[in-house]
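The chain contents come next:
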Amino acid sequence: MKIFLIAIFPIFLMVQGNDDTNLQLCKEQLEELFKGIENHEPWAIIMYDSWGARPSGIYSGNVVDFGNFEQCYNFLHNHSVLGKIQGQNCLIPVKRKNETTLTVPEYRISVCVPGICSPDHIRLLLQPYFETKGLLIPVYDPINTCEMKIEHFSILFWITISFFIIFMAFVLISTIYNAIIHHLAINSKAIIKPRASLISFSIYTNMRQVFNYRDNRKQIISVATSANVLF
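Just so we're clear, the structure is a prediction, and the values are computed from it rather than from any experiment. (Residues numbered from 1 in each chain as written. Predicted model: local features only at pLDDT ≥ 70, side-chain atom pairs only at ≥ 80, totals over all residues. Heavy atoms only, no water.)

Chemist: Can you help me understand the UniProt feature "transmembrane region" (unreviewed entry) in the chain in this one?
Modeler: According to UniProt, the feature "transmembrane region" (unreviewed entry) maps to residues 155-180 in the numbering used here. Between the C-alpha atoms that bound residues 155-180 the distance is 38 Å, and the span itself is 100% helix and 0% strand. (UniProt positions renumbered as here; feature names shortened; annotations may be inferred. Helix = DSSP H or I, 4+ residues; strand = E, 2+ residues; numbered from the N terminus.)

This is how it looks when you write it as structure tokens:
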């Protein structure tokens, strides 16, 4: 089955036409994948090795073959021409084109394809192959069909990062302003009072307040202790 797919797949890719840029990229990467398999290139062999096959025991309820999910999920290849090719594991539903006296249940097989390919692209490009085997890929829900390793960052994450960057910018600007005023005051030997709003985020000013608070607290404790001794 896999050998036949390798032989005829490039033909199906050539007859498919669409202006969709992602579809074109999908076709190009799939072409390179199957050319790589024919040429025994390690990256292509590893990716294709992740594919599933017709599951055994479908009449007993075993209607899914996941292939090697982890191998596909973690696959990443930097192609010299097409750039990054990332593995995407998709469960494709398959059913018989013409029913016989023995009804064959619909089953799903896992295919490892480039991440640029959408579920609709995969169905479009693989459909002709399955038809030659007397099979069809029925219309399926594309949302839960494919899985690919993607670093997701929530809106809350980006809001938090943005807030932190803005806060650190205020701290830096305030500290620089505070340092300049302090330097000018020393050189001119005059009292230069900075604006309180501009030094509110200054590390220098805030650290002084922290240490002054500690010193004042020690003084308060010392006074309280002396008062206890006197009384």
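Structure's up, so let's keep going.
Chemist: Would you take a moment to explain the packing of aromatic side chains for this structure?
Modeler: Geometry of an aromatic ring pair is reported as the spacing of the ring centres plus the angle between the planes. Summed over all chains, the structure comprises six aromatic pairs. Arranged with centres 5.3 Å apart and planes meeting at 20°, the rings of Phe-69 and Tyr-73 form a pair that is stacked. Here Tyr-73 and Phe-69 lie together in helix α4 (residues 69-73), a separation of four residues that amounts to about one turn. For Phe-69, a relative accessible area of 24% corresponds to the partly exposed category. Judged by its relative accessible area of 23%, Tyr-73 falls in the partly exposed class. Seen in terms of ring centroids, Phe-167 and Phe-201 are 5.9 Å apart; in terms of plane orientation they differ by 80°. Their pairing is edge-to-face. Highlighted residues: Phe-167 in helix α6 (residues 155-188) and Phe-201 in the loop between α6 and α7 (203-230), separated in sequence by 34 residues. Among the aromatic side chains, those forming a connected cluster through ring pairs are Phe-34, Tyr-48 and Trp-51. (Phe/Tyr/Trp six-rings, centres within 6.5 Å; stacked < 30°, edge-to-face > 60°. Buried < 20%, exposed > 50% of the residue type's maximum accessible area, 1.4 Å probe, protein only.)

Chemist: Hey, could you run me through the side chain of His-79 in this one?
Modeler: Within the secondary structure, His-79 is located in strand β2 (residues 76-79). Looking at His-79, its side chain comes within polar contact range of the main-chain nitrogen of Val-81, at 3.0 Å. (Polar contact = N/O pair within 3.5 Å; in protein donor to acceptor, adjacent residues only side chain to side chain.)

Chemist: Looking at this structure, how should I read a nonpolar patch on the surface?
Modeler: A surface patch of nonpolar side chains, about 1100 Å² in accessible area, is lined by Phe-157, Trp-158, Ile-161, Phe-163, Phe-164, Ile-165, Ile-166, Phe-167, Met-168, Phe-170 and Phe-201. For Ile-165, the position within the fold is in helix α6. (Patch = residues over 30% accessible without salt bridge, like charges linked within 9 Å, V, L, I, M, F, W, Y side chains within 5 Å. Areas by Shrake-Rupley, 256 points an atom, 1.4 Å probe, with all protein chains shown as cover. Salt bridge = Lys/Arg side-chain N within 4 Å of Asp/Glu carboxyl O.)

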